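Overview (structure and organization)
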Amino acid sequence: MSGHGPAQVMTATKSGPLIGRAEVPGDKSISHRALIFGAMAVGETRITGLLEGQDVLDTASAMRAFGAEVTQHGQGAWSVHGVGVGGFREPTGVIDFGNSGTGVRLIMGAMATTAMTATFTGDASLRKRPMGRVTDPLALFGTQAYGRRGGRLPMTLVGAANPVPVRYTTPMPSAQVKSAVLLAGLNAPGQTVVIEREATRDHSERMLVGFGAELVVEQTDEGNVITLTGQPDLRPQVVAVPRDPSSAAFPVCAALIVEGSDIFVPGVSQNLTRNGVYLTLVEMGADITFENPREEGGEPVADLRVKFSEMTGIEVPPERAPSMIDEYPVLAVVAANATGRTVMRGIKELRVKESDRIDAMARGLEACGVMVEEDEDTLIVHGRGPGSMPGGATCATHLDHRIAMSFLVAGMASVAPISIDDASPIATSFPLFEGLMTGLGATLTKA
Ligand code: S3P
């Protein structure tokens, strides 16, 4: 769906301690993939814990447009009647992915090797984002793409009628690019190989194996070499989606910076390709305990107990960036409440997310009285110390859910309140954010 509701100004005011249980929603990456792989299996996939954020709902609509039957049975409980690899039918209208880069890029890959034409668009944020990173490797299979200049949406893809398998090294650390190539490889004969120099989130690989594909990952000097054998019969699965570590980072970081807080966040995925922010917070001095580690739905999960902490700035190891790429905005807020400098290098991918996240955080933090330095690939935040961020500004969110939530978290601990110009994008990934945070004791008010 293009566009969100009307712009909704929201203000966060210094809160008393955050106390209680924070049940965060299902993982966004796994939710998209459960719907897409389910649509490419033959028979009924059952999903529990699906994130019902707008991004994932848009992927559900897209899978219906390609011929799968997608049904909601109850909260988070969904089924997908798949049409099999190569079984998509040509959509009759333009597919609108709203704000979702993951949805559009993965589904471009999924249809790229079937003889059909599909046209994709999105909201003002998604129409600014580069699609060439996906359509370039898809061209190697024989797929043609016709978009706006600079490889922007709206864009029409003509799927390859006689696809050839591909060997492709991803030029940037991107799970979306890797996954698009693997999805295209599903309907190509022979072996498609993706090489990634830096490991990115591995949900596609894990889930494809679960759905019965022949997929092997080798760790070599070149990086991870992923080999997929094309044209498998994917078997429907029962998918239990774990809670999203990226969404969990918002209440976790809020509890760390609001004095006296003590919260419990159950069942959060601790997948090693996603948990970089938690390692970083602990290195900064965060009091987080990881209780009852176990496996749920094929992913390692743990219950998190988080208490207010006085933290110190660090140099975040740049090689950790892919495992915490979506968490830098809220980490920058924690850094502003720490003592000393936090240096975040190797993060230029943040410039092509739902917004230019380095710029959005730098400008917003400056407006709130925090000194920052930046270059193309770096953000440095000079901490003000616990609870000492001045605040008192309205920050621009640029249709970016994570920027919106980050500045609301900042306002829960700042001296003066912090407003955001538009809270509506939060619904793309964390529709219950406001209720969950106020339930813990946060003060959030709408204009
Ligand atoms: C995602 C991959 C990441 C991440 C996004 C979800 C995925 O994007 O930022 O929120 O589900 O594959 P990139 O692949 O562009 O790094």
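Residues numbered from 1 in each chain as written. Predicted model: local features only at pLDDT ≥ 70, side-chain atom pairs only at ≥ 80, totals over all residues. Heavy atoms only, no water.

Turning our attention to the UniProt feature "binding site: phosphoenolpyruvate" (unreviewed entry) in the protein chain. Feature annotation in UniProt assigns "binding site: phosphoenolpyruvate" (unreviewed entry) to the following positions: Lys-28, Gly-101, Arg-129, Gln-176, Arg-357 and Arg-402. Position of Gly-101 among the secondary structure elements: in helix H3 (residues 101–111). Accessibility expressed as a relative area gives 4% for Gly-101, which makes it buried. Apart from the residues lying within four places of it in its own chain, the contact partners of Gly-101 are Leu-126, Arg-129 and Gln-176. Mapped onto the fold, Gln-176 is located in helix H5 (residues 175–186). Of the residues examined, Gln-176 reaches a relative accessible area of 14% and is grouped as buried. Excluding residues within four positions of it along the chain, Gln-176 makes contact with Gly-101, Thr-102, Arg-105 and Leu-106. (UniProt positions renumbered as here; feature names shortened; annotations may be inferred. Helix = DSSP H or I, 4+ residues; strand = E, 2+ residues; numbered from the N terminus. Buried < 20%, exposed > 50% of the residue type's maximum accessible area, 1.4 Å probe, protein only. Contact = heavy atoms within 4.5 Å.)

What follows covers the packing of aromatic side chains. Summed over all chains, the structure comprises six aromatic pairs. A centroid spacing of 6.5 Å and a plane angle of 90° characterise the contact between Phe-250 and Phe-433, whose relative ring orientation is edge-to-face. Of the two residues, Phe-250 is situated in helix H7 (residues 245–257) and Phe-433 in helix H12 (residues 433–440); the sequence distance between them amounts to 183 residues. Summarising the burial analysis for this pair, Phe-250 and Phe-433 share the class buried. Plain terms: the ring middles of Phe-430 and Phe-433 are 5.4 Å apart, the flat faces sit at 75° to each other, and that makes the pair edge-to-face. Classification of Phe-430 as buried rests on a relative accessible area of 1%. An aromatic cluster is defined as three or more aromatic residues linked by ring pairs; in this entry it consists of Phe-250, Phe-430 and Phe-433. (Phe/Tyr/Trp six-rings, centres within 6.5 Å; stacked < 30°, edge-to-face > 60°.)

So, on to the state of the cysteines. With the rule as written, the count across this model stands at zero disulfides. No disulfide involves Cys-253; its nearest neighbouring cysteine sulfur is the one of Cys-368, lying 16 Å away. Residue class for Cys-368 comes out buried when judged on its relative accessible area of 0%. (Disulfide = S-S within 2.5 Å.)

Moving on, we come to the site of the ligand. Neighbouring the ligand are the residues Ser-29, Arg-33, Thr-102, Pro-173, Ser-174, Ala-175, Gln-176, Arg-201, Ile-325, Asp-326 and Lys-353. Between an oxygen atom of the ligand and a side-chain N or O atom of Lys-353, the distance comes to 2.7 Å. The protein chains hide 95% of the 390 Å² of surface that the ligand would expose on its own. Those elements giving two or more residues to the shell around the ligand turn out to be helix H1 (28–39) and H5. Here the shell around the ligand is composed, by residue class, of three nonpolar, four polar and four charged. A domain-level breakdown of the shell around the ligand finds at least three residues from each of domain 1 (10–26 + 242–446) and domain 2 (28–239). (Near = heavy atom within 4 Å. Polar contact = N/O pair within 3.5 Å; in protein donor to acceptor, adjacent residues only side chain to side chain. Areas by Shrake-Rupley, 256 points an atom, 1.4 Å probe, with all protein chains shown as cover. Nonpolar A, V, L, I, M, F, W, Y, C, P; charged D, E, K, R; others polar. Domains from an automatic or database assignment.)

Moving on to the nonpolar core. Grouped together as the largest cluster of nonpolar side chains are 78 residues, with contacts concentrated most on Leu-281, Tyr-328, Leu-365, Leu-379, Val-381, Phe-433 and Met-437. Element by element, the count of residues in this core is highest for H7, at nine residues. Those residues in contact with Tyr-328 that sit more than four places away from it in its chain are Val-316, Arg-320, Ala-321, Met-344, Ile-347 and Leu-350. Core analysis: the next-biggest nonpolar cluster, separate from the first, contains 64 residues, Leu-51, Ile-107, Val-177 and Phe-211 among them. (Core = buried A, V, L, I, M, F, W, Y, C linked by side-chain atoms within 4.5 Å.)

Attention now moves to unusual backbone geometry. Cis geometry marks the peptide bond from Leu-153 to Pro-154; its omega dihedral reads -5°. Within the fold, Pro-154 resides in strand S9 (residues 152–158). Unusually for a residue other than glycine, Asn-292 sits at a positive phi of about 50°. One can find Asn-292 in strand S16 (residues 287–296). Positive phi is not limited to glycine here, since Leu-399 has a value of about 55°. For Leu-399, the location among the structural elements is in the loop between strand S22 (394–395) and helix H11 (401–411).

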